[in-house]
Protein chains: 2
Amino acid sequence: MKYSFSKRIQKTPKSFIREILKVTQRPEVISFAGGLPNPDLIDIQGISRAAQTVIEQDGKNALQYSTTEGYLPLREFIADRYRKRYDLCVKPEEILITNGSQQCLDLIGKIFINNGDAVAIERPGYLGAIQALSLYQPEFFSVPLENDGPDTEELKQILSEEFPKLFYAVPNSQNPSGITYSEEKRHEVADILNEAETLFVEDDAYGELHFSGKVMPPVKKFMPEYGIMTGSFSKIVSPGMRMGWICAPEEIIDKIATSKQAADLHSNYLSQRIIEEYLRTNDLDAHISKINAVYKSRCDLMLKLMDEMFPEEVSHTTPNGGMFIWLTLPDGLSSTKLFEKAMEKNVAVLPGHPFYFDGGGDNTARINYSNADEESIRKGIEILAGILKEQLK
Amino acid sequence: MKYSFSKRIQKTPKSFIREILKVTQRPEVISFAGGLPNPDLIDIQGISRAAQTVIEQDGKNALQYSTTEGYLPLREFIADRYRKRYDLCVKPEEILITNGSQQCLDLIGKIFINNGDAVAIERPGYLGAIQALSLYQPEFFSVPLENDGPDTEELKQILSEEFPKLFYAVPNSQNPSGITYSEEKRHEVADILNEAETLFVEDDAYGELHFSGKVMPPVKKFMPEYGIMTGSFSKIVSPGMRMGWICAPEEIIDKIATSKQAADLHSNYLSQRIIEEYLRTNDLDAHISKINAVYKSRCDLMLKLMDEMFPEEVSHTTPNGGMFIWLTLPDGLSSTKLFEKAMEKNVAVLPGHPFYFDGGGDNTARINYSNADEESIRKGIEILAGILKEQLK
């Protein structure tokens, strides 16, 4: 190798998903492999009006440098929304605007993780978090995910033996599994982490994409001192603007601001202003209801077809929100093989093994329903069912 | 401390400039302390039209997730501009879009610097680079800056004794000093670094803000294998959109892409599209000429007033571009005292010592001319002259 790269980047493989998506993005492919919001549900006219207003009425400021923490009225909107939706009280000063919630993970890694520190993560766990935190060279420990949340006995054991710096999790409609923590598990996780004085990084990218059952309180509500939440406008306004936020105690936000300033000074200010204008002048609840109605109907259709057509040895989760269904194949079947066979027939699924950093998971797969129309879902699930039946013969 | 932060962030102080700007931003203060482009020179109408076109004609794509490397036509525009302006031939594949050029420094640190690696930087050196790279815990070595570029004997000595991973520099209208490398020094620096097989990180944030003398070839032109350039639309289109780029050999871009994906997936795609639309449908050269005419006249005025009014013991650089003049006070005078005295009279300058990570520089100060009108310049320089004369009594 000509260049002497850092140890951290030499150990970081290319993203498996990114490589796979190159193959599955051909127009003839019915893809359940990605994780894209449905572009038909982006309010283009509303965003266009907001952009016009902001640039024409206050372009000089909106296009100039701004503060590292982010546009105050936008941070106020987020704090207000937490209060209304989750009965969670935080100050705008406890919120900092980032480039999507992905950047939160990089900044959290930067301010907390020393080389070799232990970090706990769900199993299966969100790939983007594994990738972002990996660059700070922690040792990962995995907490198995059950249908109602993490295995708390395992969590306790990891806390007492490995003293992790933090536990990263996605309690609402998890990526990749679609699992939502029960209220009981939320209390239990908070109690265990509070007791151990260990940080909980609660990725709430999918909290607003909630289409059945009760809205659960965030775990942070029960652990104000050790709870960090991350959020995103990607799923409810626009992913392309890369706008997210981190919510944490001010002592932590202060360090996040220092690392954010070194990383890129501040997030795109024009887009912060456009999103704030859009949120203030449009009915966000009505817009989200529209998204959720579509996602629910796609999810319901997919689940119904899976139940009708898949061999009964194949099990799936039943999400109450988010964008993903998680398949578990019977012993002996491989989702990598399923991927290969399905691609021959122009249907793409995402093999589950990359979500298990410590190996395993080859009998699992992630299926996305947000970005496929009904006809594709019917056709795609039928093809997958045929392959699965063939493989089980 | 309640939280157990990483060693890297515990060692990172709050930005001195950021703290100082809080004081100097009061409306009654004439501030030469900041580094803001002049907002009156942002083409608000042109950007507004571009935003409208992009959102209305292709909103579904412009507001969706996109590729980590960035929008190809924008990367093509940058490659084309390098060819036309600098006779520098690079492929669009050698360019990746970032959140301002500041993010390049974070990503470069991430992919190259191991804890304790040596890094060379100009003395005085750009504070944002010191801050961004510091988080990867290198050992810095400083190369004194002379009026025509770095002291090459010192550079050779550092290369042979410390084997730095890279040399970071700003050859065009440097921040903070305003110095531009001579053509001879550019060749010399390239030869020395090529010989040592050491990377040159060439921050070209101010290259387009060039208002007198010949346009110099970038150092990268003479070191295609070891040259990395960073660029920015902040000074020529809009800082608030946080759009910059890194240009490097593909093997390096490949690692930058992996680290960028972990950091925030990709840069704001809507703004990439708006900037590309703006650049394609407007006359960039005419726009830059307008900016440079204003900056040159402000700079000329400031230099003339300094020559007329400052004590002759105070020396200044004579920039041929960029946004800053660098003052050197005679021995015994302190720019921190100058700052304090001037603030009492509502004039702000930036003390130079933060640009010297290894101490010293208290007799230097950075003066910004891009963001002050003629009246403020006349009034502010007169007040500074009075204080300097008083201090020299």
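Residues numbered from 1 in each chain as written. Chains lettered and ligands numbered in written order. Predicted model: local features only at pLDDT ≥ 70, side-chain atom pairs only at ≥ 80, totals over all residues. Heavy atoms only, no water.

Novice: Account for helix H6 (residues 127-134) of chain A, naming residues and giving values.
Specialist: Burial of H6 of chain A is extensive: seven of the eight residues sit out of reach of the surface. Taken as a whole, H6 of chain A has its buried residues at Leu-127, Gly-128, Ala-129, Ile-130, Gln-131, Ala-132 and Leu-133 of chain A. Buried-residue contacts for H6 of chain A involve helix H2 (16-24), helix H5 (100-112), strand S3 (118-123), strand S4 (139-146) and strand S6 (166-169) of chain A together with helix H9 (250-264) of chain B. (Buried < 20%, exposed > 50% of the residue type's maximum accessible area, 1.4 Å probe, protein only. Helix = DSSP H or I, 4+ residues; strand = E, 2+ residues; numbered from the N terminus. Contact = heavy atoms within 4.5 Å.)

Novice: Lay out the sheet that holds strand S14 (residues 364-368) of chain A with the relevant residues and their values.
Specialist: Note on sheets: strands pair through backbone hydrogen bonds, and any given pair is parallel or antiparallel. In spatial order, the strands read S10-S11-S14-S13 (chain A); together these four strands make up an open sheet with antiparallel pairing. Bordering the open sheet on either side are strand S10 (315-316) and strand S13 (350-351) of chain A, each of which pairs with just one other strand. (Pairing = 2+ DSSP bridges.)

Novice: Tell me about the interface of chain A and chain B, and name the residues and values.
Specialist: At the interface, 82 residues of chain A touch 82 residues of chain B. Carbon and sulfur atoms supply 55% of the area buried between chain A and chain B, which totals about 7,200 Å² over both sides. When the buried surface of chain A facing chain B is broken down by residue, Tyr-3, Leu-63 and Tyr-65 of chain A rank first, second and third, together holding 10% of it. For the interface between chain A and chain B, the tally reads six salt bridges. Ionic pairing is found between Asp-106 of chain A and Lys-110 of chain B, a salt bridge with its closest N-O pair at 2.7 Å. On inspection of chain A and its partner chain B, the count reaches 52 residue pairs in polar contact (both at pLDDT 80 or more). Residue composition of the side of chain A that touches chain B, grouped by class: 36 nonpolar, 27 polar and 19 charged. (Buried area = accessible area lost by both parts, 1.4 Å probe. Salt bridge = Lys/Arg side-chain N within 4 Å of Asp/Glu carboxyl O. Polar contact = N/O pair within 3.5 Å; in protein donor to acceptor, adjacent residues only side chain to side chain. Nonpolar A, V, L, I, M, F, W, Y, C, P; charged D, E, K, R; others polar.)

Novice: Can you lay out the sheet that holds S6 of chain A for me, pointing to particular residues and giving the numbers?
Specialist: Residues and elements named next belong to chain A. With mixed pairing, the eight strands of this open sheet are ordered in space as S2-S9-S8-S7-S6-S3-S4-S5. Strands with a single pairing partner mark the edges of an open sheet, and in this sheet they are strand S2 (95-98) and strand S5 (149-150). Bridge count for S3 against S6 is two bridges, and the pairing is parallel. Looking across to S6, one finds that Ile-121 is bridged to Tyr-168. Along the sheet face, H5 touches S2, S6, strand S7 (199-203), strand S8 (227-232) and strand S9 (244-247) and points at about 150° away from the line of S8. (Axes fitted to C-alpha atoms, helices over the stretch in contact; angles between N-to-C directions.)

Novice: Before we move on, can you summarise the environment of Ile-44 of chain A with the specific residues and values?
Specialist: Inspection of the secondary structure assignment puts Ile-44 of chain A in helix H3 (residues 44-62). Accessibility expressed as a relative area gives 18% for Ile-44 of chain A, which makes it buried. When the C-alpha atoms of Ile-44 of chain A and Ser-238 of chain A are compared, they prove to be 9.2 Å apart, with 194 residues separating the residues in sequence. When sequence neighbours within four positions are dropped, the list of residues in contact with Ile-44 of chain A reads Ile-55, Gly-59, Lys-60 and Leu-63 of chain B.

Novice: Tell me what's going on with the domain arrangement of chain A, and back it up with residues and numbers.
Specialist: Residue and element names in this part refer to chain A. The domain architecture assigned to chain A consists of domain 1 (7-43 + 286-392) and domain 2 (44-281). The C-alpha-based centres of domain 1 and domain 2 are spaced at 25 Å. At the interface, 34 residues of domain 1 touch 37 residues of domain 2. Counting the surface lost from both domain 1 and domain 2, the interface buries some 3,200 Å², and carbon and sulfur atoms represent 61% of this. It is Asp-43, Asn-320 and Phe-357 that lose the most area in domain 1 upon contact with domain 2, and together they represent 23% of the buried surface on that side. Our count for the domain 1 to domain 2 interface comes out at one salt bridge. The tally of links from domain 1 across to domain 2 stands at 21 residue pairs in polar contact (both at pLDDT 80 or more). Listed by contribution, the elements that provide at least two residues to the side of domain 1 that touches domain 2 are helix H1 (7-10), helix H11 (284-309) and strand S11 (324-328). Of all the elements, H11 adds the most residues to the side of domain 1 that touches domain 2, at seven residues. Broken down by class, the residue content of the side of domain 1 that touches domain 2 amounts to 18 nonpolar, nine polar and seven charged. (Domains from an automatic or database assignment.)

Novice: Give me the lowdown on the relation of the copies chain A and chain B, citing residues and values where you can.
Specialist: Here chain A sits on chain B after a turn of 180° about the axis and a move of 0.0 Å along it, with an RMSD of 0.0 Å. Both chain copies can therefore be described as sitting about a two-fold axis. When the interface residues of chain A are mapped onto chain B, 100% of them again fall at the interface, so both copies present the same face. (Least-squares fit on C-alpha atoms with pLDDT ≥ 70 in both.)

Novice: Which residues make up unusual backbone geometry, and what are the values?
Specialist: For the peptide bond that leads from Asn-175 of chain A to Pro-176 of chain A, omega is 20°, which places it in the cis range. When you line up the elements, Pro-176 of chain A lands in the loop between S6 and helix H8 (183-196). Residue Pro-124 of chain B is reached from Arg-123 of chain B by a cis peptide bond, and omega for that bond is 0°. Its location among the elements puts Pro-124 of chain B in the loop between strand S3 (118-123) and helix H6 (127-134). In this model, Gln-137 of chain A sits at a positive phi of 55°, which is unusual for a non-glycine residue. Structurally, Gln-137 of chain A is set in the loop between H6 and S4. Of the residues examined, Gln-137 of chain A reaches a relative accessible area of 16% and is grouped as buried.

Novice: Would you mind going over the environment of Asp-307 of chain B in detail, with residue names and values included?
Specialist: Position of Asp-307 of chain B among the secondary structure elements: in helix H11 (residues 284-309). In this structure the side chain of Asp-307 of chain B is engaged in a polar contact, spanning 2.8 Å, whose partner is the side chain of His-316 of chain B.

Novice: Lay out the pairing of strand S14 (residues 364-368) of chain B with the relevant residues and their values.
Specialist: Residue and element names in this part refer to chain B. For S14, the tally of buried residues reaches five of five residues, placing the bulk of the element in the interior. Here S14 shows no split at all, with Thr-364, Arg-366 and Asn-368 on one side and Ala-365 and Ile-367 on the other all buried. The sheet contact formed by strand S11 (residues 324-328) and S14 spans five bridges and is antiparallel. In the sheet register, Phe-324 faces S14, and the bridge partner there is Asn-368.

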